[in-house]
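Structural overview
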Amino acid sequence: MWFRNARVFRFTKPFDISPEELEERLAADAFKPCGPQEPVRHGWVPPLGKHGEVLVHSAGGYHLIALRKEEKLLPAPVIKELVEEKAELIEQEQGRKVRKKEKDELKEEVMLEMLPRAFSRNRRSFAYLAPADGVLVVDAGSAKQAEDLASALRKSIGSLPVRPPVLEQAPAFTFTGWLNESIELPAAIELGTECELKDPSEDGGVVRCKGLDLRADEIQNHLEAGMQVTKLSLTWDENVSFVLDEEFGIRRLKFGETLQEKLEEVDADDAAAKFDAAFSLMTLELSRLIPGLLQALGGEDRSAIVSE
């Protein structure tokens, strides 16, 4: 159980729902497959998959949940072709032009006809709640995917007072300072070999660099021209590598050998124990990484956060 990404939400009020109550509320929205005429459906599933039954896997004060989404696949070219065939038939039989509004109605009709025979795509999204740390962490590659899970959780429990962390200064400002050395790079952080630079002007361009020394002249020339760093690959404490973007999105997480070695000490024949161990190791590492990054980026504005 290693997250590949981490989208962080900050609780603006304490999260005081117990794991037992959370389990009960998620159970009311447990996943059920799509009906014949349903294009999409989502619901909560056991994070351990076939190795578990509970919807909330708790360890060390961290609560793991998983949202499953089933989506019917309806190929757009096929739908378009069938709509055109139906429209052409109407025009031939009735001697009139089929307008856009009627084509939209034909499209809905075609989709309803195709849904019962459509293939399904299933995806699971994971997240964990850390009440003591005051965060919800979602394994999502995009802000939208993370917000979708947060919205589903909000619907299930009735209220979810969260927002992305608000930083005292823009991450792009800090990233740029690290590369042009106007801001000291924290001792726990090591630069990687990838970055994205953007021209802040309205029609500015984008430069993506990979496999380079980020302090090299070609990078510095772009910075001197006024470009800003909006993504940066980093290594934290020699043990976790990732790409951090200007929205504090942590992507392409890779956990180091130390954690992998600790995981190998767990009985390999017990899948549930191995899962639990990986989850515990990951959450402990992220509980250090997230506040460490927030501090390294200039600190978090906590003025809107109620601690009690």
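Residues numbered from 1 in each chain as written. Predicted model: local features only at pLDDT ≥ 70, side-chain atom pairs only at ≥ 80, totals over all residues. Heavy atoms only, no water.

Under an unreviewed UniProt entry, the name given to the chain is Recombination-associated protein RdgC, and the organism recorded is Marinobacter zhanjiangensis. The record in UniProt for the chain states the following under Subcellular location (unreviewed entry): "Cytoplasm, Nucleoid". Taken from UniProt, the Sequence similarities (unreviewed entry) comment for the chain reads in full: "Belongs to the RdgC family." (UniProt positions renumbered as here; feature names shortened; annotations may be inferred.)

**Things to note about helix α8 (residues 271-296)**
Here α8 contains 26 residues, and its C-alpha end-to-end distance of 37 Å stays within 8% of the 38 Å for a straight helix at 1.5 Å per residue. Downstream of α8 by one or two residues, Gly298 has phi in the positive range, about 110°. (Helix = DSSP H or I, 4+ residues; strand = E, 2+ residues; numbered from the N terminus. Expected span 1.5 Å × (residues − 1).)

**Things to note about the pattern of salt bridges**
A pair can form between side chains of opposite charge whenever their charged atoms are brought close. The tally for this structure, following the rule as stated, stands at 21 salt bridges. The partner of Lys198 in a salt bridge is Glu246, with the nearest N and O atoms 3.9 Å apart. Of this pair, Lys198 sits in strand β8 (residues 189-198) while Glu246 sits in the loop between β11 (240-245) and β12 (250-255), and the two are 48 residues apart along the sequence. Through salt bridges that share partners, Arg7, Asp245 and Glu247 make up one connected network. (Salt bridge = Lys/Arg side-chain N within 4 Å of Asp/Glu carboxyl O.)

**A short note on the pairing of β11**
The buried fraction of β11 amounts to five of the six residues, a majority that puts the element mostly inside the structure. Note that strand β10 (residues 228-236) and β11 share six bridges and pair antiparallel. Across the sheet, Leu232 pairs through a bridge with Leu244, a residue of β11. Where β10 hands over to β11, the hairpin turn is made up of three residues, of which Asp237 adopts a positive phi near 55°. Pairing geometry for β11 and β12, over four bridges, is antiparallel. The residue of β12 that forms the bridge with Val243 is Arg251. Connecting the antiparallel pair β11 and β12 is a turn made up of four residues, with Phe248 showing a positive phi of about 65°. (Buried < 20%, exposed > 50% of the residue type's maximum accessible area, 1.4 Å probe, protein only. Pairing = 2+ DSSP bridges.)

**Examining unusual backbone geometry**
Of note in the backbone geometry, Asp237 takes a positive phi value of approximately 55° without being a glycine. Residue placement: Asp237 occurs in the loop between β10 and β11. On the basis of relative accessibility, which here comes to 37%, the residue Asp237 falls in the partly exposed class. With a phi close to 60°, Glu238 is a non-glycine residue in the positive phi region. On the secondary structure map, Glu238 appears in the loop between β10 and β11.

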